[in-house]
Amino acid sequence: MITTNRKKRYNKLIVGFGLIIGLLIVVTPLYAEDFTRKGADSCLKCHDEESDFPVLSIFKTKHASQVDPESPFASAQCESCHGAGKDHERSQKKGKDDKPMLTFGKTSNIPASQQNKVCLGCHQNHGRTGWTGSVHEEEDVACASCHQVHVERDRVFNAQAQQQVCFGCHATTRAESHRASAHPLRFGQMSCSDCHNPHDSNNDSLLNRSNINDTCYTCHAEKRGPFLWEHAPVAEDCTICHNPHGSNHQAMLKQRPPLLCQQCHSPSGHPSTAYTSENASGNFQSRFVLGRSCSNCHSQVHGSNHPSGATISR
Ligand code: HEC
Ligand code: HEC
Ligand code: HEC
Ligand code: HEC
Ligand code: HEC
Ligand code: HEC
Ligand code: HEC
Ligand code: HEC
Ligand code: HEC
Ligand code: HEC
């Protein structure tokens, strides 16, 4: 009795195992079929430097690292980004074009959010934590609208080339940055990412720092003070008076003095209209409105440390 029971149990076990192994035999190839057997080597039989889209330069990028266990080429290789490729390989071999791979950028065959999911699959934890909820995410901008992964050096890491990427969508900023007075962006001595983090939703206007002034202070530390005599609007927001991208007035001012100053300071009391007739010294010029106007005298517009600098004139 005992032996037959054992036998039965053994039989059950064997049948059980058999079923599991059988399932594995059936399922594994079904699953594995999606991916090519030789990874990049399969793809490179057809896609190389001669193709319409040359792919090989990706091997000169960090994505091709074999030693970094998180890199695409340490796992599914091309298929980590473009999706499983077995069907595509087969259909292309038959001369058909009915099994497209996932594609990226403007001509992509999938929505931006889905493209980005592929990239974020690896990059979520690499400082991309602010991406979700950022303006660019909400506006369905794709990672590949800014990044090129099939080139040795992605444009965004070059100050001048990066701007061209941004200008593709931000024409107003391009116009501003070409005005007479501007940050030296167009000479490649600065880049948009000196002030902006295009990935991050944590700060207003995708700024690198928590507010405008802190962003400016990273390079213009002397404007931070503390000053014995502060000028209230300066500590509040540099962009009250300056356009950070450029302007046609000197020092990137939004308006020229006296108008700039008279947004807040009453024109009465201080003469701020030009003399209409020759003055005592035979001069048509008014130092209140011409030249540097108010700054002729109030030269320490950002604040003064002089004991008698209450009127920020020294
Ligand atoms: C038998 C040849 C062949 C193989 C193998 C092959 N492709 Fe293609 N692939 C083509 C052809 C032909 C096209 C369409 C013409 C073109 O744009 O290059 C294409 C198109 C593509 C496209 C553009 C979108 C599309 O599908 O139309 C991508 C991306 C792509 N292949 C990636 C891959 C990847 C990744 C692999 C390896 C997993 C691979 N291919 C293997 C021949 C091949
Ligand atoms: C399989 C994981 C994986 C996927 C998928 C992936 N990346 Fe990466 N990526 C990495 C690793 C690993 C690095 C190198 C380490 C680092 O800089 O974080 C890297 C680096 C980068 C860099 C920096 C390159 C440099 O020269 O400093 C950029 C930009 C980038 N990836 C963009 C993308 C974009 C865009 C996508 C989607 C089209 C993408 N990645 C998909 C793993 C991945
Ligand atoms: C609006 C343009 C833009 C978009 C969209 C964008 N990036 Fe970037 N990315 C940049 C710029 C510019 C830099 C270079 C920043 C710098 O100079 O440090 C960069 C740097 C990177 C880097 C390398 C430096 C780092 O911070 O680790 C990675 C990785 C990266 N981006 C991944 C992504 C991924 C993933 C996405 C999509 C979820 C994405 N980017 C979307 C513009 C963009
Ligand atoms: C890190 C993700 C990533 C990896 C890995 C990757 N690609 Fe790409 N591939 C892209 C992106 C993004 C584009 C869009 C163009 C660009 O940004 O450079 C692209 C474009 C392409 C195109 C042109 C598709 C079109 O829209 O016409 C082909 C073909 C292609 N890749 C093939 C390959 C092959 C073959 C490999 C492996 C050797 C590979 N890719 C590895 C992300 C990747
Ligand atoms: C010197 C720092 C700085 C640089 C460099 C810079 N920005 Fe800005 N940007 C700002 C500030 C500050 C704001 C917020 C302005 C405000 O709120 O009035 C801003 C706002 C923006 C806005 C929102 C719309 C607007 O104009 O207010 C866009 C778009 C923008 N920047 C794009 C760019 C691009 C593209 C580049 C590179 C060509 C760039 N910025 C370079 C500081 C900078
Ligand atoms: C594919 C198009 C596209 C590209 C490329 C692009 N942006 Fe944008 N960006 C947008 C859209 C759409 C908005 C939201 C509407 C607007 O403010 O113009 C936006 C908004 C912004 C804002 C304003 C954020 C706010 O809170 O008001 C800044 C700053 C900005 N982008 C910077 C950049 C920088 C820097 C680059 C280049 C590294 C860049 N963008 C590249 C499409 C793009
Ligand atoms: C990454 C460094 C950097 C940051 C951040 C920065 N600036 Fe500048 N700024 C410069 C450089 C470089 C110059 C050019 C100096 C020169 O030409 O001698 C400059 C010049 C200026 C000028 C004088 C322009 C002229 O024509 O005389 C003003 C005004 C100015 N910046 C305002 C700002 C404001 C406002 C911010 C914050 C929104 C800011 N800057 C952020 C680097 C920076
Ligand atoms: C109340 C208006 C006003 C505010 C607010 C303001 N500025 Fe200015 N800024 C000016 C004027 C006016 C000039 C031209 C001064 C001159 O003609 O000597 C100037 C010139 C500059 C210059 C070039 C000359 C110099 O002094 O180095 C820089 C840089 C600058 N500002 C940075 C800043 C920064 C950074 C902030 C914010 C912390 C800021 N400004 C806030 C009015 C302002
Ligand atoms: C956004 C508003 C604003 C702008 C623009 C502005 N100011 Fe002021 N200014 C103030 C405020 C607020 C005070 C502090 C007034 C107080 O404490 O009674 C002040 C104080 C002053 C003082 C010292 C006055 C006193 O009674 O202590 C002078 C001088 C002055 N500003 C000159 C200027 C000049 C010159 C400009 C143009 C380059 C200018 N301001 C632009 C808001 C502004
Ligand atoms: C010729 C030099 C000079 C010019 C130009 C000048 N100021 Fe003054 N400003 C002064 C002097 C000196 C004082 C101090 C007057 C006092 O203590 O009675 C002063 C005081 C002020 C004060 C403090 C409050 C007040 O009215 O006494 C403000 C605000 C002010 N000026 C704003 C301006 C503005 C705005 C302009 C440009 C339209 C300007 N100033 C042009 C010399 C000048």
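Along every chain, residues carry numbers that run from 1 in the direction the sequence is written. Chains carry letters from A onward and ligands carry numbers from 1 onward, assigned in written order. Totals for whole chains, interfaces and linings use all residues, but because this is a predicted model, local features are given only for residues with pLDDT of at least 70 and pairs of side-chain atoms are given and counted only at 80 or more. Hydrogens and water are ignored here; the side-chain numbers use all heavy atoms of the structure.

1. With respect to the site of ligand 1
To keep things clear, this is the line we draw: One heavy atom within 4 Å of a molecule or strand is enough for the residue carrying it to be called near that molecule or strand. Counting of polar contacts relies on pairs of N or O atoms within 3.5 Å, with two restrictions inside protein: one atom must be capable of donating a hydrogen and the other of accepting it, and residues adjacent in sequence are counted only when both atoms are side-chain atoms. A helix here means a DSSP run of H or I that spans at least four residues, while a strand means a run of E at least two residues long, and both kinds are numbered starting from the N terminus. All amino acids are sorted into three groups, where Ala, Val, Leu, Ile, Met, Phe, Trp, Tyr, Cys and Pro are nonpolar, Asp, Glu, Lys and Arg are charged, and the leftover types, Gly among them, are polar.
The local shell around ligand 1 holds 16 residues, among which Cys43, Cys46, His47, His88 and Met101 are the closest. Here a nitrogen atom of ligand 1 sits 2.8 Å away from a polar atom, N or O, in the side chain of His47. Here His88 contributes a side-chain N or O atom positioned 2.9 Å from a nitrogen atom of ligand 1. Tallying contributions element by element places helix 4 (residues 86-93) first for the shell around ligand 1, with 4 residues. A class-by-class count of the residues in the shell around ligand 1 yields 6 nonpolar, 7 polar and 3 charged.

2. Observations regarding the site of ligand 4
Taken together, the neighbourhood of ligand 4 is formed by 18 residues, with Cys78, Cys81, His82, Val149 and His150 sitting nearest. In the environment of ligand 4, a nitrogen atom lies 2.8 Å from a nitrogen or oxygen atom belonging to the side chain of His82. His150 places a side-chain nitrogen or oxygen 2.8 Å from a nitrogen atom of ligand 4.

3. Some words on the coordination of the iron atom of ligand 4
Note the following rule: Distances up to 2.8 Å from the metal define which N, O and S atoms are donors, and 3.2 Å serves for Na, K and Ca; water is absent from the atom set, so sites may look incomplete. Site shape is set this way: if four donors have all angles between 85 and 135 degrees, tetrahedral; if opposite donors are over 155 degrees apart and all others between 65 and 115, square planar for four donors and octahedral for six; otherwise irregular. Only protein chains enter the accessibility calculation, which uses a 1.4 Å probe; a residue is then buried when its area is under 20% of its type maximum, exposed when over 50%, and partly exposed in between.
At this site the iron atom of ligand 4 is bound by His82 (NE2) and His150 (NE2), with donor distances of 2.0 Å. Classification of the site at the iron atom of ligand 4 rests on its 6 donor atoms, whose angles at the metal span 89 to 179 degrees, yielding the label octahedral. Note that His82 is positioned in helix 3 (residues 78-82) and His150 in the loop between helix 7 (143-146) and helix 8 (159-167), a separation of 68 residues in sequence. We classify His82 as partly exposed; its relative accessible area is 26%. What makes His150 buried here is its relative accessible area of 17%.

4. Side note on the coordination of the iron atom of ligand 5
All of the protein donors around the iron atom of ligand 5 are His196 (NE2) and His245 (NE2); their distances to the metal are 2.0 Å. On the basis of relative accessibility, which here comes to 26%, the residue His196 falls in the partly exposed class.

5. Concerning the confidence of the model for the protein
Defined as follows: Looking at any residue, its pLDDT shows the predictor's confidence there, from 0 to 100. By definition in these notes, contact holds between two residues if any of their heavy atoms fall within 4.5 Å.
Per-residue pLDDT for the protein has a mean of 86; in total, 81% of the residues score no lower than 70. At the low end of the mean pLDDT range in the protein sits helix 1 (residues 2-32), at 51; at the high end sits helix 10 (residues 212-217), at 98. In the model, residues 22-32 has pLDDT below 50 throughout and makes 2 contacts with residues more than four positions away in sequence or in other chains.

6. Looking at the pattern of salt bridges
In a structure, side chains of opposite charge can pair up when their charged atoms sit close to one another. What counts, and what does not: By convention in these notes, a salt bridge is any Lys or Arg side-chain nitrogen within 4 Å of a carboxyl oxygen on Asp or Glu.
Within this structure, the stated rule accounts for 3 salt bridges. A salt bridge links Glu89 to Lys93, with the nearest nitrogen and oxygen atoms 3.8 Å apart. Of the two residues, Glu89 and Lys93 both sit in helix 4, 4 residues apart, roughly one turn of that helix. One salt bridge connects Lys223 with Glu222, and the closest N-O pair in it is separated by 2.9 Å. Given the relative accessible area of 28%, Lys223 is considered partly exposed. Assessed through its relative accessible area of 48%, Glu222 is described here as partly exposed.

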